[in-house]
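Breakdown of the fold
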Amino acid sequence: MNILALLHRGTPGRQASLLAATNAGRTAFAASLDHLIELGVVEKNPGHGHPLRPEFRLTEQGVVIGQIAHRIVSIVPSDQEFALLRRSWTVPVLALTGAPQRFSDLRMKLLPITDRALSGTLQKLEHQDWIRREVITTARTPFPVYNAINRGQDIARVINGP
């Protein structure tokens, strides 16, 4: 997400400048960049850069996603919160919990997430006070629902629109 936000802000698309701006390790950075290329949101800039030091840019789809990534990153100023934001399932879970969701609905919408990964993500988000867990007792069988709050709600709004 940070790479997309940096490219959106205008950070030069060379690997060295992006690596320095993200403060990430080389291995993690390279894996993230490769993943973004596979997703089709970042591409090598044809005709620019040395073959061993290519320049990267956002694709058309990447421009839209880069703007969203930039807005999300700007919501989360502290390193501790940003560490949570970088976890695999944080953003997808927040995107879905802009409105109350049951655990089973989240699991179905986030396939291939495991129960353990979803449960851990929800607990971390609840601990950070980005998600509220409420137990609905009006049904015959009580069940919990999860709803984004505070910064979690702000992030959900950025992803889902106003």
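Summary of the structure given here.

Attention now goes to the overall build of the protein chain. In terms of helices and strands, the protein chain carries 9 helices and 5 strands. Along its sequence from the N terminus, the protein chain presents helices and strands in the succession α-α-α-β-β-α-α-α-β-α-α-β-β-α. Its C-alpha atoms put the protein chain at 65 × 30 × 30 Å along the principal axes. When each of the 162 residues of the protein chain is scored for burial, the buried share is 38%. Residue pairs at least 24 apart in sequence account for 51% of intrachain contacts in the protein chain once pairs closer than 6 positions are excluded. Carbon and sulfur atoms form 51% of the exposed surface of the protein chain, whose accessible area is close to 9,700 Å². Here the protein chain carries 19 positive and 13 negative side-chain charges, and the mean point of each set is 2 Å from the other.

Below, the discussion takes up the nonpolar core. Val42, Leu118, Leu122 and Ile155 are the most contacted members of the largest nonpolar core, which has 39 residues in total. Of the residues forming this core, the biggest block, 5 residues, is contributed by helix H1 (residues 2-9). In contact with Leu122, not counting residues within four places along its chain, are Val93, Phe103, Leu106, Ile131 and Tyr146.

What follows is about the sheet that holds strand S3 (residues 101-102). Pairing in this open sheet of 3 strands is antiparallel, and the strands run S3-S5-S4 from one edge to the other. Each having just a single partner strand, S3 and strand S4 (131-136) make up the two edges of the open sheet. Bridge count for S3 against strand S5 (residues 143-148) is 2 bridges, and the pairing is antiparallel. Bridging across to S5, Arg102 finds its partner in Val145.

This paragraph deals with the packing of aromatic side chains. All told, the structure shown has 0 aromatic pairs when counted by the stated rule. One cation-aromatic arrangement involves Arg102 over Phe143; the distance from NZ or CZ to the ring centre is 3.7 Å.

Once that is clear, we can look at the layout of surface pockets. One simple way to see leftover space: roll a probe sized like a water molecule over the atoms. Considering only enclosed or pocket space, the largest pocket measures out at about 950 Å³ in volume. Along the walls of the largest pocket sit 26 residues, with Met1, Asn2, Leu4, Leu36 and Arg86 positioned nearest its centre. Looking at the lining of the largest pocket, the elements that each hand over two or more residues are H1, helix H3 (26-39), helix H4 (60-75), helix H5 (79-85) and helix H6 (90-96). When residues in the lining of the largest pocket are grouped by element, the largest group, 6 residues, is from H3. Among the residues making up the lining of the largest pocket, the classes are represented as 19 nonpolar, 5 polar and 2 charged.

This brings us to the environment of Gly62. Following the sequence through the fold, Gly62 ends up in helix H4. With relative accessibility at 0%, the residue Gly62 sits in the buried group. Between the C-alpha atom of Gly62 and that of Val41, which follows or precedes it by 21 residues, the distance is 3.9 Å.

Calculation rules
- Residues numbered from 1 in each chain as written.
- Predicted model: local features only at pLDDT ≥ 70, side-chain atom pairs only at ≥ 80, totals over all residues.
- Heavy atoms only, no water.
- Helix = DSSP H or I, 4+ residues; strand = E, 2+ residues; numbered from the N terminus.
- Buried < 20%, exposed > 50% of the residue type's maximum accessible area, 1.4 Å probe, protein only.
- Contact = heavy atoms within 4.5 Å.
- Areas by Shrake-Rupley, 256 points an atom, 1.4 Å probe, with all protein chains shown as cover.
- Lys, Arg positive; Asp, Glu negative; His and termini not counted.
- Charge placed at Lys NZ, Arg CZ, Asp CG, Glu CD.
- Core = buried A, V, L, I, M, F, W, Y, C linked by side-chain atoms within 4.5 Å.
- Pairing = 2+ DSSP bridges.
- Phe/Tyr/Trp six-rings, centres within 6.5 Å; stacked < 30°, edge-to-face > 60°.
- Lys NZ or Arg CZ within 6 Å of the ring centre and 35° of its normal.
- 1 Å grid on protein atoms, 1.4 Å probe; cavity = no way out; pocket = protein on both sides within 12 Å on 5 of 7 lines; lining within 4 Å.
- Points joined across faces, edges and corners; volume = space filled by probe spheres on them.
- Nonpolar A, V, L, I, M, F, W, Y, C, P; charged D, E, K, R; others polar.

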